[in-house]
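# Report on the structure
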Amino acid sequence: MLAHLPILQVVLPLIAAPLCLFINRSKLVWIFALLVSVAACVNSVLLLAEVMKTGTIIYELGGWEAPWGIEYRIDKLNAFLLLIISTIGAVVLFAANKSIHKELSEDRHTLFYSLYLLSLTGMFGIVATGDAFNVFVFLEISSLSAYALIALGRDRRALWAAYQYLIMGTIGATFILIGIGMLYQMTGTLNMNDLATRLADVGQNRTVFAAFAFVLVGICLKLALFPLHLWLPNAYAYAPSIVTAFLAATSTKVAVYLLIRFTFTVFGISFSFSSLPLQSILMVLGLVGVFAASIAAIYQKNVKHILAYSSIAQVGYMIIGYSINTSTGVMATLLHLFNHALMKGALFLALGAVMYRIGSVQLSQLQGLGRQMPLTMSAIVVGGLSLIGVPLTVGFVSKWYLLIATVEAGMWPVAVLILLGSILAVVYIWRIVEAAYFKPPIPGREVKEAPWSFLGPIWALVIANIYFGIDTRLSVQVAQAASQSLFGINP
């Protein structure tokens, strides 16, 4: 069974997704989808343990040896990503039963779970596959199901948000496909490992440069890097709460993985950072994204919009770490992938609980909720502190290693700008805290605390925010090992 873990990671939710449509009862389909996601989570834990112990796992589909056949290549980097995606996918789904009863009509419940598992399948496939064309195929599976999930929102603006995402996402996917096609034209292979070898022989020419540009821009559209972020705020704000929590904690992480995989593994560090001014371009875009998105978040009136713009800023931090082009910088990026998933998963699930009780996430409607929903709002406070980067939270760990990376590289001005960006996070998180704790409750409105089906997964992620902010051995060890493997450093 251990030998088949890579393919089970993808096949399990893929087979389960259409089966959901044959289960008519809402609670039964929820239990079924939850069991599948938990099984996928256990599978990813086993995969990571195996990779850390024995090294890269290569799984040849149908027994066909690469590059003729398709292979799944699981190394420390994508095993870490599989763990993040599967854990969030399982934890978020615990709260889904209550949430979708409030936000979706009953005839859409089975469709929701089917789409959810399909999106999970797509993300697993993107991360696990060692074939460039398969990346595109799984990207489309994940994206198309995500568009449909967003469109399920009851607010009619969800349709427009899904349409915006569809247009931008399709452009991004088309760019990636064109880039992959050019790579195939130059090398005659689609296997990523084989591509890396053959591109080194082909050398630098206009077709390779064009392929690199197409792939890079397509991925940046998918990860919502400023200024290609326009699809993200409305997609997060008007999607059902469970969908927002799931996508916010996973989708941009997969896109960052693709950026790292193509630039480090396929094109190579020398081509990506020496032949082109990629480091300078992405560093500037990352820093501008941090400040532009954080300032935009300060002026939002919808809390989902606040946190959506915050996500764009956090992507900026990830890109800053990546563009430093050192082992410590990439390690900081990988750490932030893990830590940001915990933060945003907790925050958006807590907002889902607020939506469940009061039917709104407008900032003006949060007045006095600190007293009426103390457990839910305190979870938002802890998640907010983690976003800021307060010590004893995971956000501090990410920014600490990011600062270390900038100082090691002699980028003192960048380190100062990172600290200033954190101060802006204080402002927009304070607006939420002020409304919940320092303003009186809305007269005549009685609000109960969220049910335990919400509080359980919310506080599991909140406790993880604190635990991994204190005991960093697991997250730092895996992120460091993955980063060193990318740079060819033997620990």
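For the structure itself, consult the block above.
The text that follows walks through the structure, step by step, so that each part is easy to find. For clarity, every value in this text was computed on a predicted model and none was experimentally measured.

This part covers the layout of surface pockets. By volume, the largest pocket amounts to about 310 Å³. Around the largest pocket sit 17 residues that line it, and E103, D155, A237, M355 and G359 are the ones nearest its centre. Those elements that place two or more of their residues in the lining of the largest pocket are helix 4 (96-103) and helix 10 (232-238). Looking at the lining of the largest pocket residue by residue, the classes come out as six nonpolar, five polar and six charged.

Tallied over the entire structure, the rule returns three cavities of 30 Å³ or more. What the largest cavity holds in volume is close to 140 Å³. Every residue lining the largest cavity is counted, 14 residues in all, and those nearest its centre are L139, S142, Y165, K222 and S251. Contributions of two or more residues to the lining of the largest cavity are made by helix 5 (109-128), helix 6 (132-151) and helix 11 (241-266). Sort the elements by how many residues they give to the lining of the largest cavity and helix 11 lands first, with six residues. A class-by-class count of the residues in the lining of the largest cavity yields nine nonpolar, four polar and one charged.

Right, let's get into helix 7 (residues 157-187). In a regular helix each residue adds 1.5 Å, so 31 residues correspond to 45 Å; helix 7 covers 45 Å between its end C-alpha atoms and thus fits that length. Of the positions making up helix 7, those classed as buried are A158, A161, A162, Y165, G169, G172, A173, I176, G179, I180, L183 and T187. Here the buried face of helix 7 lies against helix 6, helix 8 (192-202), helix 9 (206-222), helix 10 and helix 11. Following helix 7 by one or two positions, G188 has its phi on the positive side, about 75 degrees.

Moving on: the environment of G153. By secondary structure assignment, the location of G153 is in the loop between helix 6 and helix 7. G153 sits in the buried class, given a relative accessible area of 8%. Separated by 302 residues in the primary sequence, G153 and L455 have C-alpha atoms spaced 22 Å apart.

Attention shifts here to a positive patch on the surface. A contiguous patch of positive charge on the surface is contributed by R25, K27, K98, K102, R108, R154, R357 and K448. Mapped onto the elements of the fold, R154 is located in the loop between helix 6 and helix 7. Of the residues examined, R154 reaches a relative accessible area of 58% and is grouped as exposed.

Before going further, it helps to examine the side chain of S483. With respect to the element layout, S483 can be found in helix 21 (residues 473-486). Here S483 falls in the buried class, since its relative accessible area comes to 0%.

It is worth spelling out the environment of V254 at this point. Residue placement: V254 occurs in helix 11. The class of V254 is buried, set by a relative accessible area of 4%. V254 sits 12 residues away from I242 along the chain, and the two C-alpha atoms are 18 Å apart. When near neighbours in sequence (up to four residues on either side) are disregarded, V254 contacts I85, M123, I126 and V127.

One broad trend across soluble globular proteins is that nonpolar side chains are buried collectively. In terms of nonpolar packing, the biggest core is built from 174 residues, with F112, Y113, I150, L223, F267 and L334 touching the most fellow members. Looking at this core, the element that brings in the most residues is helix 15 (residues 327-358), giving 19 residues. The contacts of L223, once residues within four sequence positions are left out, are T252, A255, V256, L259, V315 and I319.

Definitions and limits used
- Residues numbered from 1 in each chain as written.
- Predicted model: local features only at pLDDT ≥ 70, side-chain atom pairs only at ≥ 80, totals over all residues.
- Heavy atoms only, no water.
- 1 Å grid on protein atoms, 1.4 Å probe; cavity = no way out; pocket = protein on both sides within 12 Å on 5 of 7 lines; lining within 4 Å.
- Points joined across faces, edges and corners; volume = space filled by probe spheres on them.
- Helix = DSSP H or I, 4+ residues; strand = E, 2+ residues; numbered from the N terminus.
- Nonpolar A, V, L, I, M, F, W, Y, C, P; charged D, E, K, R; others polar.
- Expected span 1.5 Å × (residues − 1).
- Buried < 20%, exposed > 50% of the residue type's maximum accessible area, 1.4 Å probe, protein only.
- Contact = heavy atoms within 4.5 Å.
- Patch = residues over 30% accessible without salt bridge, like charges linked within 9 Å, V, L, I, M, F, W, Y side chains within 5 Å.
- Areas by Shrake-Rupley, 256 points an atom, 1.4 Å probe, with all protein chains shown as cover.
- Salt bridge = Lys/Arg side-chain N within 4 Å of Asp/Glu carboxyl O.
- Lys, Arg positive; Asp, Glu negative; His and termini not counted.
- Charge placed at Lys NZ, Arg CZ, Asp CG, Glu CD.
- Core = buried A, V, L, I, M, F, W, Y, C linked by side-chain atoms within 4.5 Å.

Everything listed here is a matter of coordinates, which is why it stays silent on function.
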